[in-house]
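What the coordinates show
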Amino acid sequence: MIRLATSLLLAAVVSGVHLRTAAQGAPVATPESQGMDSTALANLVTYGANVKMDSLVVMRNGQIVAEAYYAPFRAEMKHRINSATKAVVGALAGIAIARGDLPPARTPIAGVFPELANASDARWREMTLQHLLDMTSGIAWEEPLADGVPRTMLEMTRSRDWAAFVLARPFAQAPGAGFHYNSGNAHLLSAALTRRTGESAEAYAAKHLFGPLGITQHRWLRDPQGVSTGGWGLYLRTRDMALLGQLYMQQGEWQGRALIPREWAARAFAPQVDMGFPGWRYADMWWGHPRLGAYMMVGFNRQVVVVLPQQRIVAAVTGRGMHPLENLAEQLQRAVRSDSPLPENAQAQAALRDRIAAVAVPKPLPGPEGVQPVVRQATYALDDNPLGVREFSFDFTASPPTYRMRLRTRDIVAPIGLEGVLAEGADEGAPLFTAARWQDPRTLAFRQIWAEEGATVDYVLKLEGDAVEVSRTNDFGARTVVRGQRITAP
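In this text the structure is predicted, and so the values were computed from the model without any measurement.

The next thing to look at is the pairing of strand β14 (residues 377–382). Consecutive side chains of a regular strand alternate in pointing toward one face of the sheet and then the other. Pairing between β14 and strand β15 (residues 389–395): five bridges, direction antiparallel. Note on β15: the bridge partner recorded for Ala378 is Phe394. Linking two consecutive strands that pair antiparallel, namely β14 and β15, is a turn of six residues; a positive phi of about 75° is found at Gly388 within it. By the bridge criterion, three bridges tie β14 to strand β23 (residues 479–486) in an arrangement that is antiparallel. Residue Leu382 lies in a different strand from β23, and its bridge partner there is Gly484.

Here you go:
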């Protein structure tokens, strides 16, 4: 199967336009010059707006044919890619094994984690690095891919030593018995890399993966021991996500250099492990749908890199909502009209540019205009609440208008756009966009968008004399109501 996938990829590369890549990214081409339909791509951009995409980059033959950023997200921003991080860890594992920095994939993990040598359950000594890569470790873990709370993952994040937490878990089944999704598997791989090299996965990637690709803008969260979080936590620009997909399309080769061993890259396109969803299989932290010919790095809320070898397409998507992965792959495939250049279509290309420009313009919060509020400056002390918000204040008389949220651990102080228009500020250095609109003289709608996190929070403040009721709703529809009292005079 691996040889077959390698042959298929090689044929795809040489049968089309020669792949050209640049150290700082990919060249740009019209869709028609790469045999794609501008109208179909414009429809895909519209679809992205409907399913809460934050960004979309489409490449064919190594060239960018469409690129859209949905306000307020912008091209220069890094987006949290959630569990698509796992596929980067998988790539690093392949690089490290080839370099001798990790042992072969079939090596028991006890060779990297010597504390397992005396484990009472012999299954720990049977588990290999490959079991971690394929999500077949057998470790008991609750992290459903469908709707559900990832309880064990959350428990890990609250522990003092994440790797030790994973290594202390019981087993649900024997290693290799079947697929069971588990961010702890990926974190053990990241921890193994750090143990063997003395470097975090981020530092190792900067030397051996990101650096050679020209990826200089990245951020990666770490656990309490300084280990890069293996299951999530990497932030990348969308173009750079696409470069990672293009690297796999090119069988791990970049500008004449093998960054990832060819056989390792090919494994992502020959997945063997049944994921339990119709058509989907898993290999080395990649999702694969062989019938569709689609292979993906997948993160929650659709942070996705799609590779379609037969069509020579790579796409990268970030967002704030779930949508069917199959739909995305099929829309990309339908946009292909030919393996040769098509006649240029100036009208359709202009419509695509207009659609891309339209989604880059932020939409104001809905509501009436010109409402005269009962108060323009106030501070409210809030009752104890699970959100950790102690005080909320605003000053709409200031230039620019500002607000402050006093949390248990820090303050958020930022400009706020009135009449529903987003204003840009920062929260601990990360872009934060905030808008407000009075719905009536005593009701204020208020929205925060952390663009790089792909997170939106909506508030409604209802004022009654000196009392306030604050209703907060997050991206998942969870609603919390908090009450408080005004502590400053008008």
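What follows deals with the environment of Ala201. Structurally, Ala201 is set in helix α9 (residues 201–213). Sequence separation between Ala201 and Ser190 is eleven residues; the distance between their C-alpha atoms is 6.0 Å. Once residues within four sequence positions are removed from consideration, Ala201 is found in contact with Leu92, Ser190, Leu193, Thr194, Trp220 and Ser228.

Below, the discussion takes up the sheet that holds strand β5 (residues 234–236). The three strands are arranged β3-β5-β4 in an open sheet whose pairing can be described as antiparallel. Unpaired on one side and paired on the other, β3 (79–80) and β4 (218–220) mark the two borders of the sheet. In this structure, β3 lies alongside β5, joined through two bridges in antiparallel fashion. Note that in β5 the partner of Arg80 across the bridge is Tyr235.

Further remarks concern the layout of surface pockets. Space inside the second largest pocket adds up to approximately 620 Å³. In terms of lining residues, the second largest pocket is bounded by 27 residues, among which Ala49, Ala71, Arg320, Lys363 and Arg447 are the most central. Listing elements by their share of the lining of the second largest pocket, those giving two or more residues are α2 (38–50), α13 (346–359), β20 (443–450) and β21 (455–464). If one sorts the elements of the lining of the second largest pocket by residue count, α13 sits on top with three residues. Classifying every residue of the lining of the second largest pocket by side-chain character gives 15 nonpolar, five polar and seven charged.

For the α-helix, the turn length of 3.6 residues means that residues three or four positions removed from each other point alike. In this model, helix α3 (residues 85–99) (15 residues) spans 21 Å end to end at C-alpha, consistent with the 21 Å of a helix rising 1.5 Å per residue. The buried count for α3 comes to twelve of 15 residues, which makes it a mostly enclosed element. Residues Thr85, Lys86, Ala87, Val88, Val89, Gly90, Ala91, Leu92, Ala93, Gly94, Ile95 and Ala96 constitute the buried set of α3. Of the residues flanking the end of α3, it is Gly100, one or two places downstream, whose phi is positive at about 85°.

Attention now goes to the pattern of salt bridges. Inspection of the entire model under this criterion finds 24 salt bridges. Put simply, Asp121 and Arg123 hold a salt bridge, and the shortest N to O gap is 2.8 Å. Residue class for Arg123 comes out partly exposed when judged on its relative accessible area of 27%. A salt bridge links Glu453 to Arg219; its shortest N-O distance comes to 3.7 Å.

So, about the nonpolar core. Within the largest apolar cluster, 125 residues are counted, with the highest numbers of intra-cluster contacts made by Val58, Ile109, Leu209 and Met296. Sorting elements by how many residues they give to this core places α3 first, with eight residues. Among residues more than four places away in sequence, those in contact with Ile109 are Leu116, Trp124, Met127, Thr128, Leu129, Leu132, Leu167 and Leu188. By size, the runner-up hydrophobic cluster in this structure holds 28 residues, among which are Val371, Phe392, Leu432 and Trp438.

This paragraph deals with helix α10 (residues 238–249). End to end, α10 covers 17 Å across twelve residues, agreeing with the expected 16 Å (1.5 Å per residue, within 8%). Of all twelve residues making up α10, eleven are buried, and the element is well covered by its neighbours. Among the residues of α10, those classed as buried are Thr238, Asp240, Met241, Ala242, Leu243, Leu244, Gly245, Gln246, Leu247, Tyr248 and Met249. Just downstream of α10, Gln251 is the residue with a positive phi angle, here 60°.

Once that is clear, we can look at unusual backbone geometry. At the junction of Ala71 and Pro72, the peptide bond is cis and its omega measures out at 10° in the coordinates. Even without a glycine there, the phi angle at Glu419 is positive, about 55°. Within the element layout of this structure, Glu419 appears in the loop between β17 (411–415) and β18 (423–427).

About the criteria used
Residues numbered from 1 in each chain as written. Predicted model: local features only at pLDDT ≥ 70, side-chain atom pairs only at ≥ 80, totals over all residues. Heavy atoms only, no water. Pairing = 2+ DSSP bridges. Helix = DSSP H or I, 4+ residues; strand = E, 2+ residues; numbered from the N terminus. Contact = heavy atoms within 4.5 Å. 1 Å grid on protein atoms, 1.4 Å probe; cavity = no way out; pocket = protein on both sides within 12 Å on 5 of 7 lines; lining within 4 Å. Points joined across faces, edges and corners; volume = space filled by probe spheres on them. Nonpolar A, V, L, I, M, F, W, Y, C, P; charged D, E, K, R; others polar. Expected span 1.5 Å × (residues − 1). Buried < 20%, exposed > 50% of the residue type's maximum accessible area, 1.4 Å probe, protein only. Salt bridge = Lys/Arg side-chain N within 4 Å of Asp/Glu carboxyl O. Core = buried A, V, L, I, M, F, W, Y, C linked by side-chain atoms within 4.5 Å.

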